[in-house]
Amino acid sequence: MDAYNAREVEQLLAIYAEDARQFEHPAKLLAEGSAQLRERFAVRFQEPNLHAALIKRIVMGQIVIDQEVVTRTFPEGPGQIELVAIYEVKEGRIANAWFIFGPKRVGDGGSG
């Protein structure tokens, strides 16, 4: 989360496996492999008010589940979105990530 909020692409990529995949839950592929992850993060990190806040974390074996609120700049304007991120960790790095997105709240926040 610190690397995400600091917009440190390489530091963030270091916690993902080279062939890691991100999905919109349950199976819509968003990115696969370091190159696609780098591109996805680079685009997101252009948003001026981007900030993720961890609400709750559950760790069970190789699965980490985070509840987050992310302040973003949507096409409709600044706002927030709540999400659940499910990470599968193998050999100390994220192998797969699934995201369940709540509704956008445009006009909420914008300063992180």
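Details of the structure are given in the entry above.
Quick caveat, the model's predicted, so the values are computed rather than measured. (Residues numbered from 1 in each chain as written. Predicted model: local features only at pLDDT ≥ 70, side-chain atom pairs only at ≥ 80, totals over all residues. Heavy atoms only, no water.)

> What is the right way to look at the overall build of the chain in this model?
Within the chain, the secondary structure is distributed over three helices and six strands. When the elements of the chain are put in sequence order from the N terminus, they spell out α-α-β-β-α-β-β-β-β. For a compact globule of 112 residues, the expected C-alpha radius of gyration is about 13 Å, and the chain comes in at 14 Å, within 12% of that figure. Overall size of the chain, expressed as C-alpha extent along the three principal axes, is 40 × 25 × 25 Å. (Helix = DSSP H or I, 4+ residues; strand = E, 2+ residues; numbered from the N terminus. Rg over C-alpha atoms; globule rule 2.2 N^0.38 Å.)

> Sorry, what's going on with the packing of aromatic side chains here?
Both the distance between ring centres and the angle between the ring planes are used here to describe each pair of aromatic rings. A complete count under the given rule lists six aromatic pairs for this structure. Ring centres of Tyr-16 and Phe-41 lie 5.9 Å apart, and the angle between their planes is 55 degrees; this geometry places the pair in the tilted category. Pair noted here: Tyr-16 is in strand S1 (residues 16–24) and Phe-41 is in helix H3 (residues 33–44), with a separation of 25 residues, a long-range link. Take Tyr-16 and Phe-41: they sit in the same class, and that class is buried. Taking the centre distance of 5.9 Å and the plane angle of 15 degrees together, the rings of Phe-23 and Trp-98 count as stacked. Taken as a pair, Phe-23 in strand S1 and Trp-98 in strand S6 (residues 93–106) lie far apart in primary sequence, 75 residues in all. Taking relative accessible area as the criterion, Phe-23 reaches 9% and is therefore assigned buried. Put simply, the rings of Tyr-4, Tyr-16, Phe-41 and Phe-45 pair up and form one aromatic cluster. (Phe/Tyr/Trp six-rings, centres within 6.5 Å; stacked < 30°, edge-to-face > 60°. Buried < 20%, exposed > 50% of the residue type's maximum accessible area, 1.4 Å probe, protein only.)

> What am I meant to see in the pattern of salt bridges here?
A side chain of one charge can pair with a side chain of the opposite charge if their charged atoms are brought near each other. Across all of its chains, the model carries seven salt bridges by this definition. Here Lys-28 makes a salt bridge to Glu-24, at a shortest N to O gap of 3.8 Å. (Salt bridge = Lys/Arg side-chain N within 4 Å of Asp/Glu carboxyl O.)

> Where do I start with the pairing of strand S5 (residues 77–90) in this structure?
The side chains of a regular strand alternate, residue by residue, between the two faces of the sheet. Two elements, strand S4 (residues 63–74) and S5, share 12 bridges in a ladder whose sense is antiparallel. Each residue of the ladder has a partner; that of Arg-72, found in S5, is Gly-79. Taking the residues between adjacent antiparallel strands as the criterion, S4 and S5 are bridged by two residues. Pairing of S5 with S6 involves 11 bridges; the strand directions are antiparallel. Bridged to Gln-80 within S6 is Arg-105. From the end of S5 to the start of S6, which pair antiparallel, there are two residues, and Glu-91 there has a positive phi angle of about 55 degrees. (Pairing = 2+ DSSP bridges.)

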